[in-house]
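Spelled out from the first residue to the last, the chains are:
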Amino acid sequence: MKISPIILLVFTLACIELVSSQDESAIGPALMKGKVKTDRTVNLDAIVDASPAEVYRLWTSADGVKKFFAPEARIDAKIGGRYQIIFFPSKDPEGESHGTKGARILDLVPNQKLVFEWITFAGDDLLGKNAPPYAPPLERNLTPLPTWVELSFEPVADQPNQTHVKLAHYGFRDGEKWERSYQWFTHAWKGVLDQLSQYCQNKSRTESRATGF
């Protein structure tokens, strides 16, 4: 029986799509290998004056991150993609000492959720209190990276231009150095959410003035 070239093409494309979807569904669990929730978790939240879609965009694009988080970033908004935040590009252009070089996106749902790896120590102690506790490279850049951040973006009831952002930072281990890092990031993430809230508030006010409302 002769098979139509069109039917063969459709069948081939369907098979490719099925294999691709199966591969993608397996990526997330594989990236979580070696990660364990402990009794030290940073849990924070904030209400910001922007839609979930806009807040998601801010967190998942280099341009968005620059608005409230860090001066440089390299982000590939897909599961397994880079989540490389660069805090001091002039002195540390790859984020090797004060950034997240090597961190990956573990999961994401557009406009709803973002999960990414994080590095909890600094690569040198030159910045003092402006940086997390120092750890040598082997400890700082463990493979796989042990800690990760989960963000959710939920619409606020009856407020389409407001978002309830929830942040959880998991995976802090035992020991004095880890405890200091946990305490540092408890304050640091609050500062990041405050900066996000301030940026969104200022943007909302500017847009309101421009439209006369």
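Our structure's up above, just so we're on the same page.
The following refers to the structure shown. Here the residue numbers are simple positions, counted from 1 along each chain's written sequence. Local features are withheld for residues below a pLDDT of 70 in this predicted model, meaning they are given only at 70 or higher, and side-chain atom pairs are given and counted only at 80 or more; totals for whole chains, interfaces and linings count all residues. Side-chain numbers here rest on the full set of heavy atoms in the structure, without hydrogens or water.

## Looking at the overall build of the chain
Check the secondary structure of the chain and you find 5 helices and 7 strands. The helix and strand labels rest on DSSP assignments: H or I over at least four residues marks a helix, E over at least two residues marks a strand, and numbering proceeds from the N terminus. Shown N-terminal to C-terminal, the secondary structure of the chain runs as helices and strands in the order α-β-α-α-β-β-β-β-α-β-β-α. Each residue's exposure class comes from its accessible area (1.4 Å probe, protein chains only) as a fraction of the maximum for that residue type: buried when under 20%, exposed when over 50%, partly exposed otherwise. Put simply, the chain has 213 residues, and 38% of those count as buried.

## A few points about the side chain of Arg140
In this structure, Arg140 sits in helix H4 (residues 137-140). In this structure Arg140 is buried but unpaired, with Asp92 as the nearest side chain of opposite charge at 5.9 Å. For this analysis, residues touch if any pair of their heavy atoms sits within 4.5 Å. Sequence-distant contacts of Arg140, defined by excluding residues within four places in its chain, comprise Gly95, Glu96, Ser97, His98, Gly99, Ile119, Phe121, Ala122, Gly123, Ala135 and Leu145. In this tally, Lys and Arg are treated as positive and Asp and Glu as negative; His is ignored, and so are the chain termini. Between Lys or Arg on one side and Asp or Glu on the other, a salt bridge is scored when a side-chain nitrogen of the former is within 4 Å of a carboxyl oxygen of the latter.

## Considerations on the sheet that holds strand S7 (residues 159-170)
Pairing between strands is defined by DSSP: at least two bridges between them are needed. Reading across from one edge, S1-S7-S6-S5-S4 is the order of the 5 strands in this open sheet, with antiparallel pairing throughout. Of all strands in the sheet, those bounded by a partner on one side alone are strand S1 (42-48) and strand S4 (105-109). Each adjacent strand pair in this sheet contributes to an overall mean axis angle of 15°, direction not counted. Pairing geometry for S4 and strand S5 (residues 113-118), over 4 bridges, is antiparallel. Opposite Ile105, over in S5, you have Phe116 as the bridge partner. Relative to strand S6 (residues 147-156), helix H2 (residues 52-60) is tilted by about 160°, and along the sheet it contacts S1, S4, S5, S6 and S7. Helix axes are fitted to C-alpha atoms over the stretch in contact, other axes to C-alpha atoms as well, and angles between N-to-C directions run from 0 to 180 degrees.

## What to know about the packing of aromatic side chains
Here a pair means two rings of Phe, Tyr or Trp (six-membered ring of Trp) with centres within 6.5 Å. Their orientation is stacked below 30 degrees between planes, edge-to-face above 60, and tilted elsewhere. Taken as a whole and assessed by the stated rule, the structure comprises 20 aromatic pairs. Ring centres 6.2 Å apart and planes at 35° place the aromatic pair Phe185 and Trp189 in the tilted group. One end of the pair, Phe185, and the other, Trp189, are both in helix H5 (residues 176-211), 4 residues apart, so they sit about a helical turn from each other. Among the residues examined, Phe185 registers a relative accessible area of 4% and is labelled buried. Geometrically, a lysine NZ or arginine CZ counts as sitting over a ring once it is within 6 Å of the ring centre and also within 35 degrees of the ring normal. It is Lys37 that lies over the ring of Tyr170; its NZ or CZ is 4.3 Å from the centre.

## Here's the deal with the nonpolar core
Joining through side-chain atoms within 4.5 Å is the link that ties buried Ala, Val, Leu, Ile, Met, Phe, Trp, Tyr and Cys residues into a set, and such a set is a nonpolar core. Core analysis: the biggest nonpolar cluster contains 38 residues, and Trp59, Trp189 and Leu196 have the highest contact counts within it. No other element matches the 9 residues that H5 contributes to this core. In this structure Leu196 touches Val48, Val55, Leu58, Trp59, Phe68 and Val165, once residues within four positions along its chain are discounted.

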